[in-house]
Amino acid sequence: MDFNEGANLDPGQIRDLRGVSGGIGGRVVAGGGGLGVVGFIIYFLLSQLGGVGGLGGSVPLNGGLSGLGAGQQVTANDLSSECRTGADANANHDCAIVAIVNSIQDYWSNAFSRSGTTYREATTTFFSDSVNTGCGVADAGIGPFYCPADEGVYLNLNFFSDVLQRQFGARGGLFTEAYVLAHEYGHHVQNLLGRSDRVNHNDTGPTSGLVRLELQADCYAGVWAHNATTTPTESGEPLISNITQDDIAAALDAAQHIGDDYLQREIGGGRVDESQFSHGTSAQREKWLTTGLQTGDPAACDTFNTNDLG
């Protein structure tokens, strides 16, 4: 995955709170909704394996982001001085994430505009320990997630190496990270369209609304990737110049390693219980990511009106 050297970056879409404490314990609201690509599954599995605290307890949804929480002083990194162009993205991992977020939001802004509606940008927050969100306080163990209450994507960058690769056995790589981020922004799109509100987030199972929501977000991630090298920035040129077949293979490998069946069987060390499915099987996640990659069309991602989820 490569970036156009002269394309301009917009680091203003990123809030970097690494090294800043969330200020309150480390629990996220269980019913907060929109927890992304592996949110609940990671948190549950790691709690069973002794990695983090369990899901008991919660922070009220109205906790909000006022003041960023008690004791949370923003003395974080200033990406604006480091991440200015695609050349910076090719040389610096943090800047590459900035470029990926920019590209994803450019695509959806254009897609919404073509349909006669307006896309509202989300902010991606980097954090390292815990972070205060509109859905409560989350710690690093929960993995990347989207909070609909404040329309924010939250990401501990160490997740990719510490959990996805080391614990789950996925190949990893920059495009895998892009897939995860694009999935979370898929949840933002669902929220803007009102789709998330029509799903019972406590209902699990192989054909549940929650599984359909997650598979659609996978498909939306693929749609962005299909269009990434032709999506222009405000300067008129795409940020992303190249996505290889090996990049795509790595993303599909990640999808295989975060399916409900794989996580229950291989990471949880137990039997596969379909009644607890919340994100879809490995095969389903690969199928819907591939659907988006091949069609590049959000309309092809209607997981709610099909009897064939894969």
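For the structure itself, consult the block above.
Topic: the overall build of the chain
Assigned secondary structure in the chain consists of nine helices and eight strands. The contacts in the chain between residues at least 6 apart in sequence include a share of 75% that link residues at least 24 apart. Counting only carbon and sulfur atoms, one obtains 45% of the accessible surface of the chain, whose full area is about 12100 Å².

Description of helix 3 (residues 93-114)
Taking 1.5 Å per residue, 22 residues should reach 32 Å; helix 3 reaches 32 Å between its end C-alpha atoms and fits that length. Near the N-terminus of helix 3, the side chain that reaches the backbone nitrogen of Asp94, with its oxygen 2.8 Å away, is that of Asn92. Immediately downstream of helix 3, the backbone of Gly116 shows phi near 85°, a positive value.

Comments concerning the packing of helix 3 against helix 5 (residues 174-193)
Where helix 3 meets helix 5, the axes come as close as 10 Å, and the angle between the chain directions of the two elements is 35°. With respect to the hand of their crossing, helix 3 and helix 5 are arranged in right-handed fashion. In contact with His93, Ala96, Ile97, Ile100, Val101, Ile104, Gln105, Trp108 and Phe112 of helix 3, helix 5 contributes Leu174, Glu177, Ala178, Leu181, Ala182, Tyr185, Val189, Leu192 and Leu193. Split by residue class, the contact of helix 3 with helix 5 holds 15 nonpolar, two polar and one charged.

Details of the sheet that holds strand 7 (residues 152-155)
Spatially, four strands are ordered 2-3-7-6 in an open sheet, and the strand pairing comes out mixed. Single-partner strands in this sheet number two, and they are strand 2 (14-16) and strand 6 (145-147). Mean inter-strand twist for the sheet, computed between neighbouring axes without regard to direction, equals 25°. Judged from the three bridges that link them, strand 2 and strand 3 (residues 123-126) form a sheet pairing that is parallel. Within strand 3, the position partnered with Arg15 by the bridge is Thr125.

With respect to the packing of helix 6 (residues 209-227) against helix 9 (residues 282-295)
Viewed as axis vectors pointing N to C, helix 6 and helix 9 meet at an angle of 35°, and their least axial separation amounts to 6 Å. Like other packed secondary-structure pairs, helix 6 and helix 9 cross with a definite hand, here right-handed. Of the residues in helix 9, those touching helix 6 at Val211, Leu215, Asp218, Cys219, Ala221, Gly222, Val223, Ala225 and His226 are Gln284, Arg285, Trp288, Leu289, Thr291, Gly292, Leu293, Gln294 and Thr295. Its residues assigned to classes, the contact of helix 6 with helix 9 comprises nine nonpolar, seven polar and two charged.

Things to note about the pattern of salt bridges
A side chain of one charge can pair with a side chain of the opposite charge if their charged atoms are brought near each other. In the structure shown here, the tally under the stated rule is seven salt bridges. As a salt-bridge pair, Arg171 and Asp246 come within 2.8 Å of each other at their nearest N and O atoms. Here Asp246 lies in helix 7 (residues 245-257) and Arg171 lies in the loop between helix 4 (159-165) and helix 5, a separation of 75 residues in the sequence. We classify Arg171 as partly exposed; its relative accessible area is 43%. The partly exposed category is assigned to Asp246, whose relative accessible area is 47%. When the shortest N-O distance is used, the salt bridge between Asp308 and Lys287 registers 3.4 Å. Linking Asp308 in the segment after helix 9 with Lys287 in helix 9, this pair joins segments that are 21 residues apart in sequence. By relative accessible area, Asp308 is classed as partly exposed at 48%. Overlapping salt bridges bring together Asp16, Arg18 and Asp94 as one network.

Rules and cut-offs
Residues numbered from 1 in each chain as written. Predicted model: local features only at pLDDT ≥ 70, side-chain atom pairs only at ≥ 80, totals over all residues. Heavy atoms only, no water. Helix = DSSP H or I, 4+ residues; strand = E, 2+ residues; numbered from the N terminus. Contact = heavy atoms within 4.5 Å. Areas by Shrake-Rupley, 256 points an atom, 1.4 Å probe, with all protein chains shown as cover. Expected span 1.5 Å × (residues − 1). Polar contact = N/O pair within 3.5 Å; in protein donor to acceptor, adjacent residues only side chain to side chain. Axes fitted to C-alpha atoms, helices over the stretch in contact; angles between N-to-C directions. Left-handed = near helix turned anticlockwise from the far one by under 90°. Nonpolar A, V, L, I, M, F, W, Y, C, P; charged D, E, K, R; others polar. Pairing = 2+ DSSP bridges. Salt bridge = Lys/Arg side-chain N within 4 Å of Asp/Glu carboxyl O. Buried < 20%, exposed > 50% of the residue type's maximum accessible area, 1.4 Å probe, protein only.

Nothing here speaks to function; it is all geometry.
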